[in-house]
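Listed below are the residues making up each chain.
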Amino acid sequence: MFSEDNLLPISALQHLAFCERQWALIHLEGQWMENRLTVEGKILHERADTDETEVRGDFRIARGLRLRSLRLGLSGRADIVEFHQIEDSDNENMPEESVGSLAQSDSLIAANIMLSNAAGRWHPIPIEYKHGRVKNEPIDEVQLCAQAFCLEEMLSARINVGYIFYGKTRRRHAVMFDDKLRTHTESLIHKLHMMNDARVTPVARYEKKCDNCSLYDACLPKTIGQARSVKHYLDQTWRSVISG
Ligand code: SF4
């Protein structure tokens, strides 16, 4: 168990999942640079993150909900958590207009909680806003899954599905919190704490993804990576001279 003083931000997971050096530059060295993608993302989050609760018929929307997990040592905020009222006649009456097209697998939703200010029982569904579109790597899914872990600990309930709303496509992408995603997310959280304790910034290594990185100019992956190669070459040469 972690103490309140040792919680790390959930948002750091997406940086770590994208690039370990990017995470270190932002979270260890305090560097942050805006580019078009980060500005678009910020605007989307500001719209979602207004710290208010809305009631719409038989579901409620909590914005900017504060999250915390002492088990995993994380804290942050959820853009949106929707609470859907559970009808007596079960999931057949789930309010489709509120979650778009619910996949059949959404019937796996297991959480079934009570709210202090409303009667009945409710399903919590975390929703994250992102610019762009669905990515090849599960970077955004990891962040949403970490939010689900926090909600599960806070509500003592299991959550099996969440959504990511992408600004580019204006669509919700369903994310199932299955064993594979849970295991991957937990191992990344473990690495986050280990790297935060070690406080070492990994060296730069240029990859295609660097072209979209907001920290490219601070990182200089080609220059620093090349400098390292030159040093490696000189070290090798020096060793071969010594060994004759
Ligand atoms: S430029 Fe590349 S290596 Fe540097 S922080 Fe960004 S993604 Fe990582």
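Along each chain, residues carry numbers from 1 onward, in the same order as the chain's sequence is written. Thresholds applied to this predicted model are a pLDDT of at least 70 for local features of residues and 80 or more for the giving and counting of side-chain atom pairs; totals over whole chains, interfaces and linings are not thresholded and use all residues. Excluding hydrogens and water, the side-chain figures rest on all heavy atoms present in the structure.

Centres within 6.5 Å make a pair out of two Phe, Tyr or Trp rings, where for Trp the six-membered ring is used; the pair is then stacked when the planes are under 30 degrees apart, edge-to-face when over 60, and tilted otherwise. Evaluation of the coordinates by the stated rule reveals 1 aromatic pair. Summarising the aromatic geometry, the rings of Tyr129 and Phe165 are spaced 5.1 Å apart at their centres and angled 40° between planes, so their arrangement reads as tilted. Taken together, the residues Tyr129 in strand β6 (residues 118–130) and Phe165 in strand β7 (residues 161–166) connect sequence positions 36 residues apart. The buried label applies to any residue whose accessible area, calculated with a 1.4 Å probe on protein chains only, is under 20% of its type's maximum; exposed applies above 50%, and partly exposed to all values in between. The buried category is assigned to Tyr129, whose relative accessible area is 17%. Runs of H or I in DSSP of at least four residues are treated as helices and runs of E of at least two as strands, each being numbered from the N terminus.

The local shell around the ligand consists of Phe18, Cys19, Gln22, Arg205, Cys210, Cys213, Tyr216, Cys219 and Pro221. Here the shell around the ligand is built from residues that sort into 7 nonpolar, 1 polar and 1 charged. Both domain 1 (4–202) and domain 2 (203–244) contribute no fewer than three residues apiece to the shell around the ligand. Distances are taken per atom, and a residue is near a molecule or strand as soon as one of its heavy atoms is within 4 Å of it. Here the term charged refers only to Asp, Glu, Lys and Arg, the term nonpolar to Ala, Val, Leu, Ile, Met, Phe, Trp, Tyr, Cys and Pro, and the term polar to all other amino acids, Gly among them. Where each domain begins and ends is defined by an automated method or by a domain database.

This part is about the pairing of β7. Of all 6 residues making up β7, 6 are buried, and the element is well covered by its neighbours. Of the two faces of β7, the one holding Val161, Tyr163 and Phe165 and the one holding Gly162, Ile164 and Tyr166 are both buried throughout. As judged from the 4 bridges shared by β6 and β7, these two strands associate in the parallel manner. Note that in β7 the partner of Tyr129 across the bridge is Phe165. With its strands directed away from the observer, a crossover is right-handed exactly when the path from the first strand over the helix to the second travels clockwise. Each parallel crossover has a hand, and for β6 linked through helix α5 (residues 139–155) to β7 it is right-handed. Two strands are said to pair when DSSP picks up at least two bridges between them.

Let us look at helix α6 (residues 179–198). Residue count minus one, scaled by 1.5 Å, sets the expected span of a helix. The end-to-end C-alpha distance of α6 is 29 Å, a good match for the 28 Å that 20 residues give at a rise of 1.5 Å each. Along α6, the positions that sit buried rather than exposed are Leu181, Arg182, Thr185, Leu188, Ile189, Leu192, His193, Met195 and Asn196. All buried residues of α6 fall inside an arc of 170° around its axis, so they share one side. In α6, the exposed residues that point more than 90 degrees away from the buried face are Asp179, Lys180, Thr183, His190, Asp197 and Ala198. The contact definition used throughout considers only heavy atoms, calling two residues in contact when any of these lie within 4.5 Å. Against the buried residues of α6 lie β1 (8–9), α1 (12–18), α2 (20–27), β4 (74–85), α5 and β8 (171–176). After α6 finishes, the residue Arg199 shows a positive phi value of roughly 55°. Regarding the arc, it is the one traced by the directions from the helix axis to the C-beta atoms.

Another point: the confidence of the model for the protein chain. Taken over all residues, the pLDDT of the protein chain has a mean of 82, while the share at 70 or more is 73%. Below pLDDT 50 for its whole length, residues 90–109 participates in 29 contacts with residues either more than four positions away or in separate chains. The predictor attaches a confidence to each residue, called pLDDT, with possible values from 0 through 100.

With that settled, the discussion passes to the packing of α5 against α6. It is at 9 Å that the axes of α5 and α6 come closest, and there the two elements cross at 90°. Judged on the interaxial angle alone, α6 and α5 are roughly perpendicular. Residues Glu141, Val142, Cys145, Ala146, Phe149 and Glu152 of α5 pack against Leu181, Arg182, His184, Thr185, Glu186, Leu188 and Ile189 of α6. A per-class count over the contact of α5 with α6 returns 7 nonpolar, 2 polar and 4 charged. Between the N-to-C directions of two axes lies an angle of 0 to 180 degrees, each axis being a line fitted to C-alpha atoms and, for a helix, fitted only over the stretch in contact. For classification purposes, an angle smaller than 35 degrees is called roughly parallel, one larger than 145 roughly antiparallel, one from 65 to 115 roughly perpendicular, and anything else oblique.

Any Lys or Arg side-chain nitrogen located within 4 Å of an Asp or Glu carboxyl oxygen qualifies as a salt bridge. Going through the model one piece at a time under the given rule, you end up with 9 salt bridges. Between Glu186 and Arg71 there is a salt bridge, and its shortest N-O distance comes to 3.3 Å. With a gap of 115 residues between them, Glu186 in helix α6 and Arg71 in the loop between β3 (59–69) and β4 connect regions that are remote in the sequence. Arg71 gets classed as partly exposed once you look at its relative accessible area, which sits at 41%. Close ionic contact of Arg172 with Glu82 constitutes a salt bridge, the shortest N to O distance being 2.9 Å. Here Arg172 is found in strand β8, whereas its partner Glu82 is found in strand β4, with 90 residues between them in sequence. The exposure class assigned to Arg172 is partly exposed, which follows from its relative accessible area of 29%.

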